[in-house]
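Chain by chain, the residues:
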Number of protein chains: 2
Amino acid sequence: MYTTLSISQVQAARERIAPHVRHTPLVSLPSPQGNMPPQLRLKLENLQVTGSFKARGAFNNLLQLSAQQLAQGIVTASGGNHGLAIAYAAAQLRTAATVYIPETASADREARIAAWGAQVIRFGSNPSDALAQARAHGAAAGLAFIHPFDAIRTLEGTGTLGLELLDDLPDIDYLLVAIGGGGLISGMAAAIKQQKPHVRIIGVEPVGAASMHAAVEAGHVVELADVRTIADTLAPRAVCDLTLGLTQQYVDEIILVDDRQMVLAMRWLWAECNQLVEPAGAAVIAALQSGAITIPRDAAPVALICGGNAAAESVFQHYS
Amino acid sequence: MYTTLSISQVQAARERIAPHVRHTPLVSLPSPQGNMPPQLRLKLENLQVTGSFKARGAFNNLLQLSAQQLAQGIVTASGGNHGLAIAYAAAQLRTAATVYIPETASADREARIAAWGAQVIRFGSNPSDALAQARAHGAAAGLAFIHPFDAIRTLEGTGTLGLELLDDLPDIDYLLVAIGGGGLISGMAAAIKQQKPHVRIIGVEPVGAASMHAAVEAGHVVELADVRTIADTLAPRAVCDLTLGLTQQYVDEIILVDDRQMVLAMRWLWAECNQLVEPAGAAVIAALQSGAITIPRDAAPVALICGGNAAAESVFQHYS
């Protein structure tokens, strides 16, 4: 399978979405605690609008819809962050959004999406089931359906994060990125590797939702029978041809991490630099802490902190 | 009263502490939610080592102690963040630290300080009582006592944050800074105003612990009979001659905020850019949200997020 995502496509997306998204900070961590690479940097995409990288793909999709499509409204599905990004982008662009979320999604995620005025519908036990229903809804009602990862415009959006990172750190040599449906790593890896082929790109997936790992091993998309992970935003049952194709071309390695390792990594991020993130956002740190990756001490690695939407309500209640 | 803190002193401190502290990110927030200044920037000092600006003063003190003083160990007191910074700096410089904290300090704060190997002693109902006891301990045992704000070396340390901010944003025109003992605002205001006198510097204090506001009104240091605020790190009973003198010279205005406003501001920071901070860190946002300050829409204001050490344990337990 051969998929293409050109640099010029990604550059056009970057210009398109620039008024709506943030250039997020890349931070150094001198003397990081624990057995971590001494020159590790974090790209804090958890500071993006709506708390994750998903805003990039959401805007790149919505800004290319026709006036008629925008007037009719849009429909999507998401374990949480894509739905939130679509709800936010729809509010900014004054269109109506319907967001399907799995029955298992937390009340916190539902509330954050609904706060932007989107209609939230709970359906199915898994993001993939909610996705199928959202797609059917869009087809039946004639509404634009925005896929969280199986769409070239979504990948152009994630690709912008690759270009931004090359601007931040032209000498980057290692990049760690979490994998859910594979949209983030596919777009970033395509944008980076076509310009800097020597950068080593490492994917990180929950052992209980290793849909990309299974697809790469099999050589084709595999639907997992069972998905079990606390990283709800990394939990689709299957990747897609588009993200698998780009991953096969541009990703060097996939590391698996378990739930316990992700919670330890969440604690590390909080102790090290007061970043509270969701499990998915800490997965790349878990991969480093687990010792599964060896990075030379003189390397300039970047861990992409993809999302921060942890369930923090209990903290505010503590102070209220 | 006339106090001086020269730019050259602060520059020397900046060079001294540079290997040990972080240049923290200044982030823009395009289209911020709520009725906020459209060009508001946040200086995220919550990403500093140990989660607050206190690391700057801690290192500037410890790095100027003699080898004999370092060998004997140091003693300090703190509502939390200064103690944590001293414990961390002591661990890095291989000296022993004793940290007095008030009886009222949370278990979370105690655990974070103890994690760096410091001896933690609970004493008194208020940071000021713990301070007096720590000072007496230091005098009796012949140990160096490091005051959290009533010490020129501590203010040289906070001044480095002013220099850093001028490098980040030479065109800054408004700066909002929280006030506890006044060490942060004194050092920053002195460093900034001596170079850019037109920058308007606004202090923010809890209405239940308004020790600087009272001192400025009275024209001398005032000891508050009662202190009540959820912002435990802004709660000393009294400022000091040193910080009052610099505040009188360099701070334009002091705004008071209440506990409810600080919790709303914590929620805003979380919703806007996924920064979970302690109440003190959100006080400047509370001042903006309260409407007590009017900032022109074309201004380039900075809100200094001074510390992030919120009690987040419940979040990790949620995921474990």
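Residues numbered from 1 in each chain as written. Chains lettered and ligands numbered in written order. Predicted model: local features only at pLDDT ≥ 70, side-chain atom pairs only at ≥ 80, totals over all residues. Heavy atoms only, no water.

Check the secondary structure of chain A and you find 13 helices and 10 strands. The C-alpha radius of gyration of chain A comes to 18 Å, within 12% of the 20 Å expected for a compact globule of 320 residues. Each principal axis of the C-alpha atoms in chain A carries an extent, and together these give about 55 × 50 × 40 Å. A fraction of 72% describes how many contacts in chain A between residues 6 or more apart in sequence connect residues 24 or more apart. (Helix = DSSP H or I, 4+ residues; strand = E, 2+ residues; numbered from the N terminus. Rg over C-alpha atoms; globule rule 2.2 N^0.38 Å. Contact = heavy atoms within 4.5 Å.)

Here we take up the relation of the copies chain B and chain A. The transform that puts chain B on chain A rotates by 180° and translates by 0.0 Å along the axis, for an RMSD of 0.0 Å. This pairing of chains is accounted for by a two-fold axis. In this assembly, 100% of the residues forming the interface of chain B have copies in chain A that are likewise at the interface, indicating an isologous arrangement. (Least-squares fit on C-alpha atoms with pLDDT ≥ 70 in both.)

So, on to the sheet that holds strand β2 (residues 41-44) of chain B. All names here are of chain B. With mixed pairing, the 6 strands of this open sheet are ordered in space as β1-β2-β10-β7-β8-β9. Two strands close off the open sheet at either side, each with one partner strand: β1 (26-28) and β9 (253-257). Adjacent strand axes in the sheet meet at a mean angle of 25° when their direction is disregarded. Bridging between β1 and β2 involves 3 bridges; their strand directions are antiparallel. Its bridge partner lying in β2, Leu26 is registered against Lys43. Its contacts with the sheet place helix α12 (residues 279-289) against β2, β7 (174-178), β8 (200-206), β9 and β10 (301-305), and it is angled at close to 135° to β7. (Pairing = 2+ DSSP bridges. Axes fitted to C-alpha atoms, helices over the stretch in contact; angles between N-to-C directions.)

Okay, the pattern of salt bridges next. A full pass over the atoms with the stated rule returns 28 salt bridges over all chains. The salt bridge partner of A:Glu272 is B:Arg22, with a shortest N-O separation of 2.7 Å. Within this pair, whereas A:Glu272 is found in helix α11 (residues 259-273), its partner B:Arg22 is found in the loop between α1 (7-17) and β1, the two belonging to separate chains. You'll find A:Glu272 and B:Arg22 in the same group, each marked buried. In this structure, a network of salt bridges that share partners links the residues A:Lys43, A:Glu45, A:Arg56, A:Glu164 and A:Asp168. (Salt bridge = Lys/Arg side-chain N within 4 Å of Asp/Glu carboxyl O. Buried < 20%, exposed > 50% of the residue type's maximum accessible area, 1.4 Å probe, protein only.)

Facing the 38 residues of chain B at the interface are 38 residues of chain A. Buried area between chain B and chain A, both sides added, is near 3600 Å², and the carbon and sulfur share of it is 57%. A per-residue breakdown of the area chain B buries against chain A is headed by B:Trp270, B:Phe316 and B:Tyr319, which together make up 21% of the total. Seen at the junction of chain B and chain A, the total is 4 salt bridges. Here chain B is connected to chain A by 14 residue pairs in polar contact (both at pLDDT 80 or more). (Buried area = accessible area lost by both parts, 1.4 Å probe. Polar contact = N/O pair within 3.5 Å; in protein donor to acceptor, adjacent residues only side chain to side chain.)

So, on to helix α10 (residues 241-250) of chain A. Because each turn of an α-helix spans 3.6 residues, side chains separated by three or four positions end up pointing in the same direction. All names here are of chain A. A large share of α10 lies buried, amounting to 7 of its 10 residues. Those residues of α10 not exposed but buried are Leu242, Thr243, Leu244, Gly245, Leu246, Thr247 and Tyr250. Of the surrounding elements, those touching the buried residues of α10 are α7 (152-168), α8 (183-193), β8 (200-206), α9 (211-218) and β9 (253-257).

Using the criterion set out here, one finds 0 disulfides over all chains in the structure. Of the cysteine sulfurs around A:Cys240, a residue in no disulfide, the closest is that of A:Cys306, at 17 Å. In this structure B:Cys306 is not part of a disulfide, and its nearest cysteine sulfur, from B:Cys273, lies 14 Å away. (Disulfide = S-S within 2.5 Å.)

The subject of this paragraph is the environment of A:Phe53. Tracing the chain through its elements places A:Phe53 in the loop between β2 (41-44) and α2 (54-62). Leave out the neighbours within four places in its chain, and A:Phe53 touches A:Glu45, A:Thr158, A:Leu161, A:Leu184 and A:Cys306.

All names here are of chain A. Most of strand β7 (residues 174-178) sits out of view: 5 of its 5 residues are buried. Every second residue of β7 is oriented toward a common face, with Tyr174, Leu176 and Ala178 on one face and Leu175 and Val177 on the other, all of them buried. Inspection of the sheet shows β7 paired to β8 by 5 bridges, in the parallel sense. Paired with Val177 across the bridge in β8 is Gly203. With α8 bridging β7 and its parallel neighbour β8, the resulting β-α-β unit is right-handed. The pairing of β7 with strand β10 (residues 301-305) spans 3 bridges and is classified as parallel. In the sheet register, Leu175 faces β10, and the bridge partner there is Val302. (Right-handed = clockwise from strand over helix to strand, strands pointing away.)

Packed helix pairs are characterised by how far apart their axes lie and by the angle those axes make with each other. All names here are of chain B. It is at 7 Å that the axes of helix α7 (residues 152-168) and helix α8 (residues 183-193) come closest, and there the two elements cross at 50°. One finds that α7 runs oblique with respect to α8. Both α7 and α8 take part in a crossing whose hand is right-handed. Note on element contacts: α8 touches α7 through Gly183, Leu184, Ser186, Gly187, Met188, Ala191 and Ile192, opposite Leu155, Thr158, Gly159, Leu161, Gly162, Leu163, Leu165 and Leu166. Across the contact of α7 with α8, the residue classes break down as 9 nonpolar, 6 polar and no charged. (Parallel < 35°, antiparallel > 145°, perpendicular 65-115°, else oblique. Left-handed = near helix turned anticlockwise from the far one by under 90°. Nonpolar A, V, L, I, M, F, W, Y, C, P; charged D, E, K, R; others polar.)

With that settled, the discussion passes to the domain arrangement of chain A. Residue and element names in this part refer to chain A. Each assigned domain of chain A is listed with its residue range as follows: domain 1 (7-52 + 152-319) and domain 2 (55-146). The C-alpha centroid of domain 2 is placed 22 Å from the C-alpha centroid of domain 1. When the buried area of domain 1 at its contact with domain 2 is split by residue, Thr50, Arg153 and Asn309 rank highest and sum to 27% of it. Joining domain 1 to domain 2, the criterion identifies 5 salt bridges. Two residues, Arg109 and Asp232, come together in a salt bridge whose shortest N-O distance is 2.7 Å. Remark: the boundary between domain 1 and domain 2 carries 15 residue pairs in polar contact (both at pLDDT 80 or more). Secondary structure elements with two or more residues in the side of domain 1 that touches domain 2: α1 (7-17) and α7. (Domains from an automatic or database assignment.)

For the rest of this paragraph, the subject is the packing of aromatic side chains. Residues and elements named next belong to chain A. By the definition in use, this model includes 4 aromatic pairs over all chains. Taking 4.9 Å as the distance between ring centres and 85° as the angle between the ring planes, the aromatic pair formed by Tyr88 and Trp116 counts as edge-to-face. One end of the pair, Tyr88, is in helix α4 (residues 81-92); the other, Trp116, is in the loop between α5 (107-114) and β5 (119-122), with 28 residues separating them in the sequence. An aromatic cluster is defined as three or more aromatic residues linked by ring pairs; in this entry it consists of Phe59, Tyr88 and Trp116. (Phe/Tyr/Trp six-rings, centres within 6.5 Å; stacked < 30°, edge-to-face > 60°.)

We now examine the packing of helix α4 (residues 81-92) of chain B against helix α5 (residues 107-114) of chain B. Residues and elements named next belong to chain B. Between α4 and α5, the least distance of the axes is 8 Å, while the angle of their chain directions is 15°. Looking at the two axes, α4 sits roughly parallel to α5. In the packing of α4 onto α5, the handedness of the crossing is left-handed. For the pair α4 and α5, contact is made by Asn81, Gly83, Leu84 and Ala87 and by Arg109, Arg112 and Ile113, respectively. Per-class residue counts for the contact of α4 with α5 are 3 nonpolar, 2 polar and 2 charged.

A word on α4(A). Residue and element names in this part refer to chain A. Between the first and last C-alpha of α4 there are 16 Å, a value that for 12 residues agrees with the 16 Å anticipated at 1.5 Å per step. Most of α4 sits inside the fold, with 10 of its 12 residues counted as buried. All of the buried residues in α4 are Asn81, His82, Gly83, Leu84, Ala85, Ile86, Ala87, Tyr88, Ala89 and Ala90. In this structure, the buried side of α4 is in contact with α2, β3 (74-77), β4 (97-101), α5 and β6 (144-146). (Expected span 1.5 Å × (residues − 1).)

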